[in-house]
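Remarks on the overall topology
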Protein chains: 2
Amino acid sequence: MRTTIRQVSDRAGVSVGTVSNVLNAPNLVSPGTRSRVLDAISELEYWPNRSARSLQAQRTHLIGYRLPDPGVSSALDVFLHSLVAGASEHGLEIVLFSGCKGHSDLDAYRASIRSGDVDGFVLSETNYTDPRIALLIESSFPFVAFGRAVASQPFSWVDVDGAAGIVAIVDHLAGLGHQRIAIVAWPPGSESGDPRVAGYLAAMVRAGLAIEPELIVRADGGFESGRKTGWDLLSRRRRPTAIVTVQDDLALGVIAAAADHGMRVGRDLAVTGFDDSPAAAMSTPGLTSVRQPMELVAARMIELLVSQLQDPEVQRSGSLLAPDVVIRASTLSPGVWGEVR
Amino acid sequence: MRTTIRQVSDRAGVSVGTVSNVLNAPNLVSPGTRSRVLDAISELEYWPNRSARSLQAQRTHLIGYRLPDPGVSSALDVFLHSLVAGASEHGLEIVLFSGCKGHSDLDAYRASIRSGDVDGFVLSETNYTDPRIALLIESSFPFVAFGRAVASQPFSWVDVDGAAGIVAIVDHLAGLGHQRIAIVAWPPGSESGDPRVAGYLAAMVRAGLAIEPELIVRADGGFESGRKTGWDLLSRRRRPTAIVTVQDDLALGVIAAAADHGMRVGRDLAVTGFDDSPAAAMSTPGLTSVRQPMELVAARMIELLVSQLQDPEVQRSGSLLAPDVVIRASTLSPGVWGEVR
DNA sequence: TTGTAGGCGTTATCAA
DNA sequence: TTGATAACGCCTACAA
């Protein structure tokens, strides 16, 4: 059986209220009894019961997070870690859930809200009109989203400036002398993908490079999709000398396609990714990529969430964070680029 | 304000006990009142409060899992997913925590136990003598470990037969005609690493290949470590024709080292990894690797945990699961192997 | 078949 | 400064 506050109070010869005060408002207790109580607490290894505390405080100190499907998020590892670490600093913990089969995803959120499972939610993989965001706003339930969206009211979000990331990538490539720069992007309509294409266009214009529609190709995402798209791109008479992608997995697929064509990436062709996933760092050649500052993202998300927990009426706001470009061998060998073939 | 059982009972014109029975023992309630209560429940969108339920049942339906440090586990994504999915089928959720700074890791577990945070733990990254295992056994608190260990008493664990995985790898390589097969392993003393080396030795003997001490090299783990070790191995006068590793990250480092030497993996050299991480599948050439059946691992772990939750006295047992070998281009080109140089 | 009451372990309120 | 007591929302006896 676990130790209760009653046992501690008996042991210390005080009332339960006093023990509670020692823990929650030590200044209200005289030093003498305080130390007597503290002794009893440590002798009995007493820790307040979480459920009881939650029940009375109407607060669980738990934050809900629905895991994205496997393979969708290539930096989940770092993100989750930072999230847990950040939460822990505020006495919060992250509870994972999955869309229960048979029920819609939304129902899981709804049930959690009604049963007081968690104090708030962290959302990721949001898109333009995410029904979860609408639901949570309507329920006026605390949450933060990784990713902007359109919503009826302002809400808390953190996002990474993908457009800026791609601009930096294109600048880098243009600086190396590339002129035919292609981009492999997801189909239009993606909250994270569209700005990246916009960044590509802007940077190309600024670099004085011609924008040719055939240099903008679409792929569903993932390695195989990148491989196929890359193969097609490299099978053309007029090949691009550089291929920008919106996802590391796509870029790694392009690298494979280049090998299929007998080309050496980093020499015959430049390729870039997005996410700086572990696979990007460990690829041969190393994959130049846009790195999202996941630690910052997570920390900021927790910050925004905590401020809502403290004051439900707090002004909602968004944070747009700047990414870095990590340059690796997949975009090396400046000056050797020319019209291929 | 959230809906309480009281409001439901008022609305349905019954007592709270009856509402509770409708939810927990429907057969005790007459069909008439039952449907009346059910109506009230859905109209009011009533969901029982989790904290109150936990308090009274002395059960939180939460399982604690301490995230491994980033980069340690290359298959965390799949594992977590399967864990969450498996837990969800039993009405359990996974709560993540991190070693709170300043305190020892063990204290986090201790505190969780005493305060009734969770009903049990899932452990991963265990080693021979894991203090957490000792603590949990001593506290007779429900838990399952991913990985065997030495302990004072039997406990529940699930593990993947790493030795068998490496045996299959060596068999595969020997079948391709390789004779000088090296292994890059972690330093001795690792619960997961040692059996893999043992598997290597056994398979080499069985294949009638000479075991040369210089073919067994040690590396700390990780890409850079693999790159360095690989470079050294390939700088020798008598190079191995195949390099087995105990981790994908190491293998990818070896692939990079081979490129540094101007060698083409899959043709001049065979390389294998362990874990079948996303990076392995997306590497060029694709990395032959040992795939741990993470879905099964997680499912079995949940199974073992749930059985303890149902009956604390249940017999503890372990499960050793068989891995698969995923063959990719890094071990292709059979028959072209010879003494290099 | 249904209602009532006690208790799960805390914290907050109010007296003393 | 401390002690008693009433919630918090639920479930489970037990009584009706």
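Residues numbered from 1 in each chain as written. Chains lettered and ligands numbered in written order. Predicted model: local features only at pLDDT ≥ 70, side-chain atom pairs only at ≥ 80, totals over all residues. Heavy atoms only, no water.

**Points about helix α9 (residues 193-206) of chain A**
All names here are of chain A. Definition in use: The secondary structure listing takes helices from DSSP runs of H or I that are at least 4 residues long and strands from runs of E that are at least 2 residues long, numbered from the N terminus. Given a helix with a known number of residues, its expected span is that number minus one, times 1.5 Å. For every residue, the accessible area (1.4 Å probe, protein chains only) is compared with the maximum for its type, and the residue is labelled buried under 20%, exposed over 50%, or partly exposed between those bounds. As used here, the arc is the angular range of directions from the helix axis to the C-beta atoms. Contacts are assigned to residue pairs that have any heavy atoms within 4.5 Å of one another.
Taking 1.5 Å as the rise per residue, α9 with 14 residues should run 20 Å; its terminal C-alpha atoms sit 20 Å apart, in good agreement. Within α9, burial applies to G193, R196, V197, G199, Y200, A203 and M204. Viewed end-on, α9 has its buried residues packed into an arc of 155°, placing them on one side of the element. Exposed and oriented more than 90 degrees from the buried face of α9 are V205 and R206. The inward-facing, buried residues of α9 contact α8 (162-175), β6 (181-185), β7 (216-218) and β9 (270-274). Count one or two residues on from α9 and you reach G208, which has phi positive near 75°.

**Some points on the protein's contact with DNA strand D**
So the rule is basically this: Residues are classed as near a molecule or strand on a simple rule: at least one heavy atom within 4 Å of it. Here a polar contact means two N or O atoms within 3.5 Å. Within protein one must be a hydrogen donor candidate and the other an acceptor candidate, and residues neighboring in sequence count only if both atoms are side-chain atoms.
A:T18, A:T33, B:I5, B:Y46 and B:R53 are the nearest of the 22 residues found near DNA strand D. In DNA strand D, atoms within 4 Å of the protein come 80% from sugar and phosphate. Contact distances for DNA strand D include 2.7 Å between a phosphate oxygen and a side-chain N or O atom of A:T33. One of the backbone N or O atoms of B:N49 is found 3.0 Å from a phosphate oxygen in DNA strand D. Elements with a minimum of two residues in the surface near DNA strand D: α4 (50-57) of chain A together with α2 (16-24) and α4 (50-57) of chain B. Top contributing element to the surface near DNA strand D by residue count: α4(B), with three residues.

**Structural notes on the interface of chain A and chain B**
For clarity, the cut-off: Note: buried area is the sum, over both parts, of the accessible area (probe 1.4 Å) each one loses when the two are combined. The salt bridge criterion pairs a side-chain nitrogen of Lys or Arg with a carboxyl oxygen of Asp or Glu, the two atoms within 4 Å. Each residue is assigned to one of three groups, with Ala, Val, Leu, Ile, Met, Phe, Trp, Tyr, Cys and Pro labelled nonpolar, Asp, Glu, Lys and Arg labelled charged, and all others, Gly among them, labelled polar. By the convention used here, strands pair only if DSSP detects at least 2 bridges between them.
Taken together, the contacts link 55 residues of chain A with 55 residues of chain B. Among the residues of chain A in contact with chain B, A:R2, A:R114 and A:M282 are the three that bury the most area, contributing 16% of the side total. Counting across the interface, chain A meets chain B through two salt bridges. The salt bridge partner of B:R50 is A:D117, with a shortest N-O separation of 3.6 Å. Across the contact surface, chain A and chain B share 14 residue pairs in polar contact (both at pLDDT 80 or more). Residue classes in the side of chain A that touches chain B are distributed as 29 nonpolar, 14 polar and twelve charged. Note that strand β2 (residues 93-97) of chain A and strand β2 (residues 93-97) of chain B share three bridges and pair antiparallel. Directly across from A:I94, in β2(B), lies its bridge partner B:L96.

**Here's the deal with the sheet that holds strand β10 (residues 288-291) of chain A**
All names here are of chain A. Condition: Under this scheme, a helix contributes an axis fitted over its contacting stretch, all axes are lines through C-alpha atoms, and angles between N-to-C directions fall in the 0 to 180 degree range.
Pairing in this open sheet of six strands is mixed, and the strands run β7-β6-β8-β9-β10-β12 from one edge to the other. In this open sheet, the two edge strands, each paired with only one partner strand, are β7 and β12 (324-326). Neighbour to neighbour, the strand axes of the sheet diverge by 20° on average, direction disregarded. Taken together, the three bridges between β10 and β12 define a ladder with antiparallel strand orientation.

**A short note on the protein's contact with DNA strand C**
Near DNA strand C lie 23 residues; those nearest to it are A:I5, A:Y46, A:R53, B:S15 and B:T18. In DNA strand C, the atoms that sit within 4 Å of the protein are 75% sugar and phosphate, with bases accounting for the remainder. A:I5 has a polar backbone atom sitting 2.5 Å from a phosphate oxygen of DNA strand C. B:S30 places a polar main-chain atom, nitrogen or oxygen, 2.9 Å from a phosphate oxygen of DNA strand C. At the level of secondary structure, the elements contributing two or more residues to the surface near DNA strand C comprise α2 (16-24) and α4 of chain A together with α2 and α4 of chain B.

**Describing the relation of the copies chain A and chain B**
Copy one and copy two of the chain differ by a rotation about a common axis and a shift along it. Short version of the rule: Alignment of copies: least-squares fit on C-alpha atoms of residues with pLDDT of at least 70 in both copies.
With an RMSD of 0.1 Å, the operation that places chain A on chain B is a rotation of 180° combined with a shift of 0.0 Å along the axis. Taken together, the turn and the small shift mark the pair as related by a two-fold rotation axis. The share of interface residues of chain A whose copies in chain B are also at the interface is 100%, consistent with both copies meeting through the same surface.

**Digging into the packing of helix α6 (residues 105-114) of chain B against helix α7 (residues 131-138) of chain B**
Residues and elements named next belong to chain B. As a reminder, the rule being used: Here roughly perpendicular refers to angles of 65 to 115 degrees, roughly parallel to angles under 35, roughly antiparallel to angles over 145, and oblique to all remaining angles. Put simply, a crossing is left-handed when the front helix is turned counterclockwise from the back one by less than a right angle, and right-handed when it is turned clockwise.
For the pair α6 and α7, interaxial distance at closest approach is 10 Å and the crossing angle is 20°. When the interaxial angle is binned, α6 and α7 end up roughly parallel. Both α6 and α7 take part in a crossing whose hand is right-handed. Contact residues: D105, L106, Y109, R110 and I113 in α6; P131, R132, L135 and L136 in α7.

**Observations regarding the domain arrangement of chain A**
Residues and elements named next belong to chain A. Formally: Reported domain spans reflect what an automatic or database domain assignment gives.
Once the domains are mapped, chain A shows domain 1 (5-48), domain 2 (57-158 + 293-322) and domain 3 (162-292 + 325-336). The distance between the C-alpha centroids of domain 2 and domain 3 comes to 31 Å. Domain 2 puts twelve residues into the contact, and the matching count from domain 3 is twelve residues. The largest per-residue losses of area from domain 2 upon contact with domain 3 belong to S74, Y128 and R148, which jointly make up 49% of the total buried on that side.

**Examining the pairing of strand β4 (residues 143-146) of chain A**
All names here are of chain A. For clarity, the threshold we go by: We call a crossover right-handed when, viewed with both strands directed away from the observer, the connection leading from the first strand over the helix to the second proceeds clockwise.
Residues F143 and A145 line one face of β4 and the alternating positions V144 and F146 line the opposite face, and both faces are buried. Of the pairings in the sheet, the one linking strand β3 (residues 120-123) to β4 comprises three bridges and is parallel in character. When the sheet's bridge partners are listed, F121 is paired in β4 with F143. As a crossover connection, the stretch from β3 through helix α7 (residues 131-138) into β4 is right-handed.

**So, the nonpolar core**
Here is the rule: Among buried residues, those of type Ala, Val, Leu, Ile, Met, Phe, Trp, Tyr and Cys that are joined through side-chain atoms within 4.5 Å constitute a nonpolar core.
Counting 89 residues, the largest nonpolar core has A:I181 and B:I181 as the members making the most contacts within it. Residues within four places of B:I181 in sequence aside, it is in contact with B:V170, B:L173, B:A174, B:Y200, B:M204, B:L209, B:L215, B:A242 and B:V244. Listed in part, the 56 residues of the second largest apolar core include A:L96, B:L83, B:A87 and B:L321.

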